[in-house]
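Chains, contacts and geometry: an overview
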Amino acid sequence: MDIFGSLLGGFGSIFGSPMLIAAVVAAVIAGMVVGALPGLTATMAMALFLPFTFLLEPDIGLSVLMGIFAGGIAGGSIPAILLNVPGTPASAATALDGYAMTKRGRAREALSMAMFASAVGGVVSALLLSVLAPLIARLALNFQAPEFFVLAIYGLTIIAAVAGKSLLKGYVSGLFGLIVGLVGLDPISGQLRLTFGETELSGGISLIPVLIGVFGITQALVLIRQSTSAGAVPSMSGPLWLTKTDLKNSGTTIARGSLIGTAIGVIPGTGTDIGAFLSYSEAKRRPKGRIPFGKGNPQGVAASESANNAVVGGAMIPMMTLGIPGEAGTAVLLGGLLIHGLTPGPQLFTGEQSSLVYTIFATFIIANILILVVGLVAARVFSYVVRIPTHVIVPVIITLCLIGAYAINNRFTDVLIAVVFGVLGYFMVTHDFPVSPVILGMILGPMAEVNFRRAMTITGGDWTVFFTRPASILFWLLIIVSLIYVWRSGKKQQKQMDTLLDEGSTDSVRVPRSID
Amino acid sequence: MAPERVPDEDATPAAEEPTASPRRAVPFAMAALLLIAAVLILLEAGGYRAGSGGEPGPAALPYLVGGLSAVTAIALVIQTLRGVHLVEDDGAGGVLPIRVLVAMVVLVAAAFLFRELGFFVVFTVVAFAMGWLAGARRWWTNLIVAAVVSWLVMIVFGRLFSVPLPAGPIDVFLGG
């Protein structure tokens, strides 16, 4: 099979470059450190490091982003287990049993289980990504403008619908993104739009400063508002590795969590937290072991962590093959591809750049294995990381945000854009307006417009083209089915999450306000 | 002297005792922003050139987005007036605590002064201010951290990655 040959080539590229290996190791550690800091997400870590990756070779830069993504999600489990404060929303379910294990003196086992499950979930999803993405891309090569228009509409509809607590607030955020995406030179007619005579705006508002603003600066402002100082270093007790019984009992849970996570990730608009809670509730329905769920059952940690890392691989499938980012992390990754001149979509899997794609896949597999190694070796170090005070974290985040926004194009305007969107993002986040739809609107709006107008040009203005081609019809049906499903299951899932958080642990889990 | 802060545990919104006053100002402001944007878009799109050969032209999406924005803004106002999906005041200093407001002012000022004053001075001041606003207790350690972080970033980006940073006399002196 050429897929496996290409994947082997990807591994070859990594092991043939010590620089690349070192970069991935450093990225996984950096991702885990940021993920371990309560309130800081993997998405924010990626946004912070995005400018660095721009200054590196594409293979190294994109591998770094993959390492940070995987490490950041896994790192979120550390404060969830040690402090009952999930580092990322993805690890909220982990805290239910993880913290209970810590209280029973099994903190190290809980961390080991989290790292093991994260690694397995990530590797399974990476393998599925490596096999499925090229097949989907091959199919998508037959798609033309009408299909891509309907796909973009699918992304816009579904993402705004599921991105927050309020449907309307999701649409408000999405519309802000669409408006920002309109600014600048119209790609088809050359008409300047919404520049109001400012030459700086004629090239449009760049995605990267906006990403840095809404994910980095916003988070720093939220941290300033919440400002906490360092507390005591949590105790690390218990044996390092898991018992055979725990491993045996958790095998099925991890396998199921990996598949659930990957499947959830493929659906645009979902996310790591939904995958983790769904896997947790499935595991809870089929309990194993003597300890009940919510009281320190290692299966609870395994279910949540295997799924949330698996979501990452799943979410990369529509992003890489169709250019549809399913959630915030993949939107940042898409930004990373764009700044290296790579346009996500089926063409990514053809020509010279396809080898780079398989290097990225191979990196993702290695990054997930490294999670286990780093997590086990440096568990004690991370117990100190979780207590780094806010007044140290905030200046570092802000400095990297400002220099990052500037370094992409060496434009002072980009620094101002990052600040403006950081301030806007702060007001949005503190009032339950999700920020991800802003980014997704910026990406998907122009995609929808360009393909719509191309299709209309080709057909001489015949609207029926969007409803007569087989793939288009399939996508419209998918939109209808997904909207009904999401609308009905959204409330159910929210209720499930609330119930789990309320009853799952004797201490309620404190989920810090974070940006996604 | 550090700015007034809330204590550790109470600082996390989830841990705080919510008061009964839902916040309406920001949803109203968002609706106003969206409505203003809608009006500007609809007014400007009228002057765009027309499409040709069945292609709807550059005004099509702006018209759609402008119209949707206006409708959504009105819906948001109605939702806010009805008190649906409002965020309760969590007691962490209201919508905009003074230290966040100061942080925003510092950031905007930095964005404008970056070019004029050079990298090192502006970034050191920004990092110092952010540390202080986030609760740093000792000003001199905060200043040292701010200066070291700024210098490291200047060397990494300016020297290693060859990013042309705006340089004042201090930047030149420090090797930037």
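Residues numbered from 1 in each chain as written. Chains lettered and ligands numbered in written order. Predicted model: local features only at pLDDT ≥ 70, side-chain atom pairs only at ≥ 80, totals over all residues.

A few points about the overall build of chain A
Stated precisely, the cut-off is as follows: Think of it this way: any DSSP run of H or I at least four residues long counts as a helix, any run of E at least two long counts as a strand, and we number them from the N terminus. For the radius of gyration, the atoms used are the C-alpha atoms, and the globule rule reads 2.2 Å times the number of residues raised to 0.38. Once C-beta atoms are placed from the backbone, each residue is buried if 20 or more other C-beta atoms lie within 10 Å of its own, exposed if 12 or fewer, and partly exposed for counts between those two.
The secondary structure content of chain A amounts to 21 helices and 2 strands. A globule of 516 residues ought to have a C-alpha radius of gyration of about 24 Å, and chain A, at 22 Å, matches this closely. Taken along its principal axes, the extent of the C-alpha atoms in chain A is 70 × 50 × 50 Å. Each of the 516 residues in chain A was classed as buried or not, and the buried ones make up 64%.

Some remarks on the domain arrangement of chain B
Heads up, the condition is: What fixes the domain bounds is an automatic or database domain assignment.
The domain architecture assigned to chain B consists of domain 1 (22-88) and domain 2 (98-173). Relative placement of domain 1 of chain B and domain 2 of chain B: their C-alpha centres are 37 Å apart.

Considerations on the interface of chain B and chain A
Here is the rule: A pair of residues counts as a contact when their C-beta atoms, built from backbone coordinates, are within 7 Å of each other. Classification used: nonpolar for Ala, Val, Leu, Ile, Met, Phe, Trp, Tyr, Cys and Pro, charged for Asp, Glu, Lys and Arg, polar for all others including Gly.
Across the boundary between the two partners, chain B contributes 65 residues, which contact 61 residues of chain A. Put simply, the parts of the chain that give the side of chain B that touches chain A at least two residues each are α1 (8-11), α2 (25-45), α3 (60-81), α4 (98-117), α5 (119-133) and α6 (139-160) of chain B. For the side of chain B that touches chain A, the leading source of residues is α4(B), giving 10 residues. By residue class, the composition of the side of chain B that touches chain A is 45 nonpolar, 12 polar and 8 charged.

A few points about the packing of α2(B) against α3(B)
Residues and elements named next belong to chain B. Worth spelling out the cut-off: All axes here are fitted lines through C-alpha atoms, helices being fitted over the stretch that makes contact, and every angle between N-to-C directions spans 0 to 180 degrees. Any angle that falls under 35 degrees is termed roughly parallel, while one over 145 is termed roughly antiparallel, one within 65 to 115 roughly perpendicular, and all others oblique. Each crossing gets its hand from how the near helix is turned against the far one by less than a right angle, where anticlockwise is left-handed and clockwise is right-handed.
Running from N to C, α2 and α3 point in directions that differ by 155°, and their axes come no closer than 8 Å. When the axes of α2 and α3 are compared, the pair comes out roughly antiparallel. Every pair of crossing elements has a handedness; the one defined by α2 and α3 is left-handed. Within the contact between the two elements, α2 uses Pro27, Phe28, Met30, Ala31, Leu34, Leu35, Ala37, Ala38, Ile41, Leu42 and Ala45 and α3 uses Pro62, Tyr63, Val65, Gly66, Ser69, Ala70, Thr72, Ala73, Leu76, Val77 and Thr80. A breakdown of the residues in the contact of α2 with α3 according to their chemical character gives 18 nonpolar, 4 polar and no charged.

Some points on the environment of Thr195(A)
Residues and elements named next belong to chain A. Looking at the secondary structure, you find Thr195 in the loop between β2 (192-193) and α10 (207-226). With 16 C-beta atoms packed within 10 Å, Thr195 lands in the partly exposed category. Each C-alpha atom, one on Thr195 and one on Leu182, is 9.4 Å from the other, the two residues being 13 residues apart in sequence. Thr195 has contacts with Val183, Gly184, Leu201 and Ser202, leaving out every residue within four places of it along the chain.

Here we look at the environment of Lys284(A)
With respect to the helices and strands, the residue Lys284(A) is situated in helix α12 (residues 272-285). Through-space distance from the C-alpha of Lys284(A) to that of Val374(A) is 29 Å; in sequence the pair is 90 residues apart.

Description of the nonpolar core
What counts here: As used here, a nonpolar core is made of buried Ala, Val, Leu, Ile, Met, Phe, Trp, Tyr and Cys residues. They are joined through C-beta atoms within 7 Å.
Grouped together as the largest cluster of nonpolar side chains are 224 residues, with contacts concentrated most on Met46(A), Leu211(A) and Leu402(A). Each of domain 1 (22-88) and domain 2 (98-173) of chain B contributes no fewer than three residues to this core. Here Leu211(A) is in contact with Ala47(A), Leu50(A), Val332(A), Gly335(A) and Ile439(A), once residues within four sequence places are set aside.

Examining unusual backbone geometry
We note that Asn410(A) has phi near 55°; this positive angle belongs to a residue other than glycine. By the secondary structure assignment, Asn410(A) is in the loop between α17 (390-409) and α18 (412-429). In this structure, Ser162(B) is a non-glycine residue whose phi angle is positive, near 55°. With respect to the helices and strands, Ser162(B) occurs in the loop between α6 and α7 (169-173).

As for the packing of helix α9 (residues 167-182) of chain A against α2(B)
A packed helix pair is summarised by two numbers, namely the angle formed by the two axes and the spacing between the axes. Between α9(A) and α2(B), the shortest axis-to-axis distance is 11 Å and the interhelical angle comes to 35°. Remark: the crossing between α9(A) and α2(B) carries left-handed chirality. Contact with α9(A), carried on its side by Val172(A), Leu175(A) and Ile179(A), involves Met30(B), Leu34(B), Ala37(B) and Ile41(B) of α2(B) and no other residues of that element. Of the residues that constitute the contact of α9(A) with α2(B), the class distribution is 7 nonpolar, no polar and no charged.

Observations regarding the confidence of the model for chain A
Heads up, the condition is: Confidence of the predictor at the level of single residues is given by pLDDT, which spans 0 to 100.
Put simply, chain A has an average pLDDT of 85, and 90% of its residues get 70 or more. Least confident of the elements in chain A is helix α21 (residues 470-503) of chain A, whose mean pLDDT is 73; most confident is α18(A), at 94.

Considerations on the environment of Leu50(A)
All names here are of chain A. Take Leu50: it is sitting in helix α3 (residues 42-54). Under the C-beta neighbour-count criterion, Leu50 is labelled buried, with 29 such atoms within 10 Å. Sequence separation between Leu50 and Ala117 is 67 residues, and the spatial gap between their C-alpha atoms is 27 Å. Beyond its immediate sequence surroundings of up to four residues, Leu50 is in contact with Ile208, Leu211, Val332, Gly335, Gly336 and Gly404.

A closer look at helix α6 (residues 92-103) of chain A
Residues and elements named next belong to chain A. For clarity, the threshold we go by: For a helix, the expected span equals 1.5 Å multiplied by the number of residues minus one.
Relative to the 16 Å expected for 12 residues at 1.5 Å per residue, α6 spans 17 Å between its end C-alpha atoms, a close match to the ideal helical length. With 11 of its 12 residues buried, α6 lies for the most part within the structure. The complete set of buried residues in α6 reads Ala92, Ala93, Thr94, Ala95, Leu96, Asp97, Gly98, Tyr99, Ala100, Met101 and Thr102. Looking at the residues trailing α6, positive phi occurs at Gly105, about 80°.

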